[in-house]
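# Reading the structure
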Amino acid sequence: AVASRLRDCDFGIGTDSAGSMRVPAAYCGVYGFRPSHGMVSTKGCQDFAKTFDTVGWFAKGSKTLKDVGDVLLKPADDEKYGIKEPKQFAILTDLMKLADPQGSAAVASALKAFGYDDRYAGKVSKLDLGERLKMLCPSLRTDTSGKTGLELIRDKMHATMGFEIHEALKEFLAFLEKQDGSDQATATATATISNKTTTTTTTTSGLGKFTAQRIENAKKITEQDYENLMKVRGEIREVMDQIMDNGTVLIFPTVPGVAPMREGRSEEEVQAWRMKTFQFLAIASFCGLPQVAIPLRYPDAEGPHSVSLLGGFQTDKMLLECAFRYSAQMQEHFPNYVITEMMKSNPAPKVPGEEEKVNGNKAFAEGKYEDAISWYDKALEKKKLPAYYANRALVYLKMGKMEEVEKDCTEALEMDGKYVKAYLRRAKARMILGSFLEAAMDYEEALRLEPTNREARSEMANMQKHLESGAMDASMPKDDLEIARSFI
């Protein structure tokens, strides 16, 4: 991934069992692809976890990523799997909650890019995938640990992989265990691994605490445990096939956030980050599904970000085509969405008087008009804003104090000449006060600013009805009457 990002290298090939293509791609800011299990030959590769192992690739650009796939990917088994276009999209809300604000921005950018294509209008839904799987998979539904669905799948993946890794590398792991306890042991070992003879030189000063723990846990998994895990895996895959049927594409952040710094972080903190990250990786790995990681950047960021598309089994070429076709638009929209998300997580300081305004709104809704006036007075003492004047005017309107309504609305409009609500409230007060020409002018201005405003149109029609019936003639000078009629 580093070579693909920084050096004169268009693409790089590697293996991905539990995320070894996707995570480096996300952290280094390059494209990364994990294919469906079995879609690319692993001939010549050392077995690691045989039912998880895939050969994937990194690339600088989306076209190169797609071109490599055209060469390496075998044809889909049949038309059911060889879907060429997405049919619908689902945002994984449970992963969105685990990601940083930029992760939400990445998903929003992907949706915006797909939204430009008329074929996908209205074809986006939200999905709590972990809860859906817990509900539909009997083995997960009966779990009483209190873990989320994605946490359970992550743990099932680790247990299944642990057994396979231990079986594939047990002789080599046994050699390492013999070296444990030496501060700096260098040795050459000949180990028979998966019926292959390999000469390995290793330097070790003992395994890390969590690595050793994973090895110990794997040693405890029996053949029967493995068979049970594979049954659970079959249940999950069956439900995922139903969810992904007919070309559904899942959209989610590739990882929880930018690459964490190792300095100043305890082993426990690093492990907690790893365990969170595996929730983003487990679905593709455990179910053998394809996933493409698309890099996204914005100025002055702490590091690259990435959004992932995950498709159904053997929809590999469809995902690569999506990355090629839409990734540039995703990048175009990403910086703006980052700003929006950061503003949500770091809102601007509260406006003076805002709390008093909220209390005034509450009092008005409860019909406590005097209390509402008192609260709006206090808000205006802190800061004179058009909304505070217009809200107080509405209360005065309910109380029948039309002169006060006109005065407050005029104050609001002097600060904001496009405040439609202030025009409408002042117009209503002016009608009641008999200032029909001024009222007509206010309605006219409101309609100029908002031509489809229903209240303004309704009140204008009401004025027209009264003018035509002559109901206002007695209290309105002839010249003003003709001018008012000309506005309607």
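Look up: the structure comes first, before these words.
Residues numbered from 1 in each chain as written. Predicted model: local features only at pLDDT ≥ 70, side-chain atom pairs only at ≥ 80, totals over all residues. Heavy atoms only, no water.

## Brief notes about the overall build of the chain
When you go through the chain residue by residue, the secondary structure sums to 20 helices and 10 strands. Counting only residues that meet the buried cut, the chain has 47% of its 488 residues in that class. As displayed, the chain has an accessible area near 24800 Å², and 51% of this comes from carbon and sulfur atoms. (Helix = DSSP H or I, 4+ residues; strand = E, 2+ residues; numbered from the N terminus. Buried < 20%, exposed > 50% of the residue type's maximum accessible area, 1.4 Å probe, protein only. Areas by Shrake-Rupley, 256 points an atom, 1.4 Å probe, with all protein chains shown as cover.)

## Details of the environment of C322
Within the fold, C322 resides in helix α12 (residues 316-345). Exposure remark for C322: the relative accessible area of 3% places this residue in the buried category. Residues C322 and P86 lie 236 residues apart in sequence; the distance between their C-alpha atoms is 8.4 Å. The contacts of C322, once residues within four sequence positions are left out, are P86, F114, L309 and S327. (Contact = heavy atoms within 4.5 Å.)

## Structural notes on the packing of aromatic side chains
What the rule picks out here adds up to 10 aromatic pairs. Geometrically, the ring pair formed by F33 and W57 is tilted, given 5.1 Å between the ring centres and 50 degrees between the ring planes. In this pair, F33 sits in strand β2 (residues 31-34) while W57 sits in strand β3 (residues 54-59), placing the two residues 24 residues apart along the sequence. Of the two residues, F33 and W57, neither departs from the other in class, the shared state being buried. For K66, the ring lying beneath its charged end belongs to F324, and the centroid distance is 5.7 Å. The residue whose ring lies beneath K378 is W375, and the NZ or CZ to ring-centre distance is 4.7 Å. (Phe/Tyr/Trp six-rings, centres within 6.5 Å; stacked < 30°, edge-to-face > 60°. Lys NZ or Arg CZ within 6 Å of the ring centre and 35° of its normal.)

## Describing a nonpolar patch on the surface
Taken together, F11, I13, V71 and L72 make up a surface patch of nonpolar side chains, about 370 Å² in accessible area. Looking at the nonpolar patch, the elements that each hand over two or more residues are β1 (11-16) and α3 (62-72). Looking at the element boundaries, I13 is found in strand β1. (Patch = residues over 30% accessible without salt bridge, like charges linked within 9 Å, V, L, I, M, F, W, Y side chains within 5 Å. Salt bridge = Lys/Arg side-chain N within 4 Å of Asp/Glu carboxyl O.)

## Observations concerning the packing of helix α6 (residues 129-136) against helix α10 (residues 223-244)
Orientation of α6 relative to α10, taken along the N-to-C sense of each, is 120 degrees, at an axis distance of 10 Å. Between α6 and α10, the interaxial angle falls into the category oblique. Viewed along their axes, α6 and α10 form a crossing whose handedness is right-handed. Contacts between α6 and α10 involve L129, R132, L133 and L136 from the former and I236, V239, M240 and I243 from the latter. (Axes fitted to C-alpha atoms, helices over the stretch in contact; angles between N-to-C directions. Parallel < 35°, antiparallel > 145°, perpendicular 65-115°, else oblique. Left-handed = near helix turned anticlockwise from the far one by under 90°.)

## Brief notes about the nonpolar core
Formed by 41 residues in total, the largest nonpolar core has its most connected members in L129, L133, I236, M240 and L250. For this core, the secondary-structure elements that each account for two or more residues are α2 (22-28), β4 (88-92), α6, α8 (149-179), α10, β8 (248-253) and α11 (267-287). If you look at the next biggest cluster of nonpolar residues, it comprises 38 residues, including I83, I91, V307 and V338. (Core = buried A, V, L, I, M, F, W, Y, C linked by side-chain atoms within 4.5 Å.)

## Quick look at the pairing of β8
As a general feature of sheets, a regular strand has side chains that alternate between the two faces. In terms of burial, β8 is largely enclosed, as six of its six residues are buried. Of the two faces of β8, the one holding T248, L250 and F252 and the one holding V249, I251 and P253 are both buried throughout. In this structure, β4 lies alongside β8, joined through four bridges in parallel fashion. Its bridge partner being in β8, Q88 is matched across the sheet by T248. The sheet contact formed by β8 and strand β10 (residues 305-310) spans four bridges and is antiparallel. Residue pairing for β10: P253 is matched across the bridge by V307. (Pairing = 2+ DSSP bridges.)

## Considering the environment of Y376
Structurally, Y376 is set in helix α14 (residues 369-382). Y376 gets classed as buried once you look at its relative accessible area, which sits at 2%. Note: C-alpha distance between Y376 and N391 (15 residues apart in sequence) is 7.5 Å. Discounting residues that sit within four places of it in the chain, Y376 has contacts with K357, G360, N361, Y388, N391, R392 and V395. A distance of 3.5 Å separates the side chain of Y376 from the backbone oxygen of G360, its partner in a polar contact. (Polar contact = N/O pair within 3.5 Å; in protein donor to acceptor, adjacent residues only side chain to side chain.)

## Quick look at unusual backbone geometry
Even without a glycine there, the phi angle at Q314 is positive, about 65 degrees. Inspection of the secondary structure assignment puts Q314 in the loop between β10 and α12. Judged by its relative accessible area of 5%, Q314 is buried.

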